[in-house]
Each structure stands twice: as C-alpha cells, then as structure tokens.
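# Observations on the model geometry
The primary structure of each chain is shown beneath.
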Amino acid sequence: MNSMLRVSLILLWFLAGSIKAPDPIVVRGVFGVRIAFQSNSQITMFVCFLNNGRVLSNRRILTETEFINIASGNWPSIYNPERINYFEQRNLQCGMIVDTFSFKESTYCIPFDSLWKIRFSTYPYRTMNDEGWSSKLFRPSPKQEMYLFNNYGVRNVDADFFLDSNFWNILSDVQDPVWVENYKSLK
C-alpha cells in the first residue's frame, strides 16, 4: 500500500508539473470609424472596442471630440490605458490645440475632415459646396467598393467600420494626393 501511495504521488507530481498555465489574455483597444448617414445627422461614427484576441467587445460609440481625446491619450480610458498618442505615433495631424487667448483646449483632426469624400461625390448637406472622391453621388462606385474591401476590409460602407490597422491606414491614405487620385480614377 505504501508503494502504491508513492507511485500515485509521483504520478500526481508529474502531471501537475507538466500542466502549463494558460497564457494571460492581452486585451487591447481597437479604434474605428464608419462613413455613413448617422441618426444624429453626422456622416461619421467613431467607435472603440476591446479585443481579447478572439472577439471585439465593449463597443462604445463616441463623438469626434471624445474619440480624439481617448486616441490621443489625453483622457484615461480602458481603450487606451497606457495613454498612448496614436495620432502622433502614426504622424497624423490630430490632437489637442490650446487657444492662446482663452487657454481653452479643443480637438482637431485634419484627416477626419476628408473621410466623407470616400463615400460622397459632393458634400451631402447644403452647408458647403465641396467635392468628394466617390464616382457615384451617395456611395462609392462598384470598383471603389471593391478597392475598399480589398484594402481595408470594408464590404459595405453603410454597415462596416474601418477598424484597427485599417482605420489608421485610411487616415494616412486620405492625406496622400497620389492615393486620392488613384481612388478617384476607379469608376
């Protein structure tokens, strides 16, 4: 009986020593934008998710100001706990500016001002007469839609978000005149 107990303990010790602890789950923030008519009359919807490596969760819809404050690290957030300035990291002209007279902080993001042009041929509201890059009036042409899907994973501009690396890539691309001309040429 003593030898049986000893064999059991050795077997238990061997099994317990061979079990590997699971890798810790790394959760990170994912940022994105959808370019479509929104219920609040805006053309863009900014969003944050948490990605645990398997699923996106904790979706939060943000105003442009909230989004810039979180993505620039200006505000603490579960989506950017290290308070990294993702705009600066990617050389994007976005962030906070301080009025020298009133000392009030406000947000700005130059690439955000061009996002609507991906979808529309002219600005959809009467407030300005600017031209967009879309070949069709209210949505990209079929070739432009295929381009958006192949390069950014956006199958449907009405429903899909430019997410994660695709989001950061589109922000860089809309500032590139060569990219703009290439996109406009897709009829």
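Data block above holds the structure.
The written sequence of each chain sets the order in which its residues are numbered from 1. A pLDDT threshold of at least 70 governs which residues receive local features in this predicted model, and a stricter bar of 80 or more applies before side-chain atom pairs are shown or counted, although totals over entire chains, interfaces and linings include all residues. Water and hydrogen atoms play no part in the side-chain values, which are based on all heavy atoms of the structure.

## Considerations on the side chain of S134
Here is the rule: Each helix corresponds to a stretch of at least 4 residues labelled H or I by DSSP, and each strand to a stretch of at least 2 residues labelled E; elements are numbered beginning at the N terminus. In what follows, residue pairs with any heavy atoms lying within 4.5 Å of each other are defined as contacts.
Its place among the elements puts S134 in the loop between α4 (116–119) and α5 (142–152). The residues touching S134, leaving out its near neighbours within four places in the chain, are K117, I118, R119, F120, S121, R139, P140, S141 and Q144.

## Digging into the packing of α5 against helix α7 (residues 177–185)
Going by this rule: Only the contacting stretch of a helix is used when fitting its axis, a line to C-alpha atoms as for every element, and angles between N-to-C directions run 0 to 180 degrees. Throughout, the term roughly parallel applies to angles under 35 degrees, roughly antiparallel to angles over 145, roughly perpendicular to angles from 65 to 115, and oblique to all others. Amino acids are sorted into nonpolar (Ala, Val, Leu, Ile, Met, Phe, Trp, Tyr, Cys and Pro), charged (Asp, Glu, Lys and Arg) and polar (every other residue, Gly among them).
Interhelical geometry of α5 versus α7 gives an angle of 135° and a closest axis separation of 9 Å. One way to sum up the angle between α5 and α7 is to call them oblique. Across the interface between the two elements, Q144, Y147, L148 and Y152 from α5 touch W179, N182, Y183 and K184 from α7. Of the residues that constitute the contact of α5 with α7, the class distribution is 5 nonpolar, 2 polar and 1 charged.

## What about the nonpolar core?
Taken as a class, soluble globular proteins show a tendency for nonpolar side chains to be buried jointly. Let me state the cut-off plainly: Put simply, buried Ala, Val, Leu, Ile, Met, Phe, Trp, Tyr and Cys residues joined by side-chain atoms within 4.5 Å make one nonpolar core. The buried label goes to any residue with under 20% of its type's maximum accessible area, the exposed label to any with over 50%, and the partly exposed label to all in between, with areas taken from a 1.4 Å probe on protein chains only.
Of all hydrophobic cores here, the largest spans 39 residues; its most connected members are F31, F67, F87, F112, I118 and W179. Put simply, the parts of the chain that give this core at least two residues each are β1 (28–35), β2 (44–51), α2 (64–71), α3 (86–89), α4, α5, α6 (165–173) and α7. Discounting residues that sit within four places of it in the chain, F87 has contacts with F67, I68, A71, S72, L92, C94, C109, F112, W168 and L171. Core analysis: the next-biggest nonpolar cluster, separate from the first, contains 5 residues, V30, M45, V47 and F49 among them.

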